[in-house]
Amino acid sequence: MSTSAPPPSSPASILNLAFERASNSLDTPLLTKPRGIQDQVEFVCRCSNQAGTRFLLACLVAKLSDAALDIRKPYTEIGGAGIYSGRHFDEIYVTPFAFKHGLPVNPTTSFLTPAFRTNKNIITPGVQLVGRPKKLYTDVVDLITLVHDRKTKPEDLLAEIIRWLLIIRAERKQRIETLFASLKGSTNDSSLPAESIVTLITQHMALPKSARLPVLIVAAAYEAAQHHLGERHLPLQGHNAADKQTGALGDIEIVLKDDGDAVTVYEMKAKRVIREDIDIAVQKLATTSQQVDNYIFITTDKIDAEVQEYAATMHGRIGIEFVILDCIGFLRHFLHLFYRIRMQFLEAYQTLLMSEPDSAVNSSLKEAFLALRVATETGVTQPIESEE
């Protein structure tokens, strides 16, 4: 059964129309006045803090769907005439639209970011939106004000924002393709030593917003060695999915190749593992019928000797071995133990990395890995786009 098209004034249709306008005018700005508006729109769209982009999209869609709404009042707590829930428009309409077209914006609503979550005031010049960079928020307020003062049409601003997002999306795609081409050109003699791979991964993990990478490191190790081990990892859960929601015992569950029961569980920590982490894991294991053999914490922080000793007592108490391992130490040992499949590990890691949604691993972190790998294999340093 075919689905009917949304009515012309619906938020979905408003976004679709703006997308069509933007797509047909990629090389030609849809807004040129007032002076400086192009620079402001581009800055907001290119800013590493992408909250401003989604905020504007939500406010503009709301205004266009109902002319009686006051674009400056995206909080129902404000009260009075013209108020609306900007978060509602953001989550219900902007989210699926951005996901459908792969637009480079935050994966979640901007109304839960600090600056917009704590503000309950009308968006007018002088309102204090606390966040960085400061220029982002002053530009957002200026653009909202231009629409309210009828100096800029909301439909033009909406289409112009989407135009810039499409330009940025194309730029990122081109950079990725160029880096892949550089890698393909170096594959004939690119068998790297294990320690070079360790250095490459260490550099990648040192970049901002890399919390997901330890999960991919362990998963890639099992991808590469599954035929030697007779074990495989279950499909990875979303990076922000809670174990209680998914029923998972940890971040990665390892099963025997021909069996569905987890035998090893990995849990990743970007901070020190404490006794409470172990106690929580024990509680989770007490609720499962699976016969888990060992539970491994992988941390990117220091390992506390007392906590390690506490973990070691669990085998005698519940029959399941607990251990805490350093992430890079785990990687180094794996690459030397399975030296002949080290490049298979690297390929598996790259495949998993590039397959992750941008909400888990942003495009800059993906580009950075490819640039670092090209530099490692060829000795030619590639520029890395900063997220700062």
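Residues numbered from 1 in each chain as written. Predicted model: local features only at pLDDT ≥ 70, side-chain atom pairs only at ≥ 80, totals over all residues. Heavy atoms only, no water.

Peer 1: Please give an account of the overall build of the protein chain that cites residues and values.
Peer 2: When helices and strands are counted, the protein chain shows 16 helices and 5 strands. The buried share of the protein chain, taken over its 388 residues, is 48%. At a minimum sequence separation of 6, the contacts of the protein chain that also span at least 24 residues come to 71%. (Helix = DSSP H or I, 4+ residues; strand = E, 2+ residues; numbered from the N terminus. Buried < 20%, exposed > 50% of the residue type's maximum accessible area, 1.4 Å probe, protein only. Contact = heavy atoms within 4.5 Å.)

Peer 1: Now, about the pattern of salt bridges: what can you tell me, with residues and values included?
Peer 2: Counted by the stated rule, this structure contains 18 salt bridges. In this structure, Lys269 engages Asp277 in a salt bridge whose closest nitrogen and oxygen atoms are separated by 3.6 Å. Summarising the burial analysis for this pair, Lys269 and Asp277 share the class buried. With its nearest N and O atoms 2.7 Å apart, the salt bridge here joins Arg373 to Glu347. Of this pair, Arg373 sits in helix 16 (residues 363-378) while Glu347 is found in helix 15 (residues 342-355), placing the two residues 26 residues apart along the sequence. Salt bridges sharing common partners tie together Glu267, Lys269, Asp277 and Lys284. (Salt bridge = Lys/Arg side-chain N within 4 Å of Asp/Glu carboxyl O.)

Peer 1: Give a detailed account of the packing of helix 3 (residues 51-65) against helix 6 (residues 134-148), specifying residues and quantitative values.
Peer 2: Contact geometry of helix 3 with helix 6 gives a least axis separation of 10 Å together with a crossing angle of 15°. Classified by the interaxial angle, the pair formed by helix 3 and helix 6 is roughly parallel. For the pair helix 3 and helix 6, the sense of crossing is right-handed. In this structure, helix 3 uses Gly52, Phe55, Leu56, Cys59 and Leu60 to contact helix 6, whose residues at the interface are Leu136, Val140, Leu143, Ile144 and Val147. (Axes fitted to C-alpha atoms, helices over the stretch in contact; angles between N-to-C directions. Parallel < 35°, antiparallel > 145°, perpendicular 65-115°, else oblique. Left-handed = near helix turned anticlockwise from the far one by under 90°.)

Peer 1: Outline the nonpolar core, supporting the account with residue identities and numerical values.
Peer 2: One broad trend across soluble globular proteins is that nonpolar side chains are buried collectively. By size, the foremost hydrophobic cluster in this structure holds 54 residues, and its most contacted members are Phe55, Leu158, Ile161 and Ile162. At the level of elements, helix 1 (11-23), helix 2 (37-46), helix 3, helix 4 (86-101), helix 5 (114-118), helix 6 and helix 7 (154-184) are the ones that each hand at least two residues to this core. Tallying contributions element by element places helix 7 first for this core, with 10 residues. In this structure Leu158 touches Ile14, Leu15, Ala18, Leu57, Leu60, Val61 and Leu64, once residues within four positions along its chain are discounted. (Core = buried A, V, L, I, M, F, W, Y, C linked by side-chain atoms within 4.5 Å.)

Peer 1: Describe the packing of aromatic side chains, listing the residues and the values that go with them.
Peer 2: Counted under the stated rule, the structure contains 16 aromatic pairs. Geometrically, the ring pair formed by Tyr75 and Phe111 is edge-to-face, given 5.9 Å between the ring centres and 70° between the ring planes. In this pair, Tyr75 is assigned in the loop between helix 3 and helix 4 and Phe111 in the loop between helix 4 and helix 5, connecting sequence segments 36 residues apart. Looking at Tyr75, the relative accessible area reads 5%, which means it is buried. An aromatic cluster of at least three residues, connected via ring pairs, comprises Phe55, Tyr75, Phe111, Phe116 and Tyr137. When the ring centre of Tyr339 is taken as origin, the NZ or CZ atom of Arg342, which lies over that ring, is 4.0 Å away. (Phe/Tyr/Trp six-rings, centres within 6.5 Å; stacked < 30°, edge-to-face > 60°. Lys NZ or Arg CZ within 6 Å of the ring centre and 35° of its normal.)

Peer 1: Tell me about the packing of helix 8 (residues 194-205) against helix 16, and name the residues and values.
Peer 2: Relative orientation of the contacting elements helix 8 and helix 16 amounts to 150°, with a least axis distance of 10 Å. On the basis of the axis angle, helix 8 is roughly antiparallel to helix 16. Crossing geometry of helix 8 relative to helix 16 is assigned as right-handed. Contacts from Ser196, Leu200, Ile201, Gln203 and His204 in helix 8 reach Leu365, Phe369, Leu372, Arg373 and Thr376 in helix 16.

Peer 1: Could you give an account of unusual backbone geometry, naming the residues involved and the relevant values?
Peer 2: Each neighbour pair has its own omega, and for Lys33 with Pro34 the value is -5°, a cis peptide bond. Along the chain, the position of Pro34 falls in the loop between helix 1 and helix 2. Phi is positive for Arg150, which is not a glycine, with a value near 60°. The phi angle at Lys209 is positive, at roughly 60°, despite the residue not being glycine. With a relative accessible area of 52%, Lys209 lands in the exposed category.

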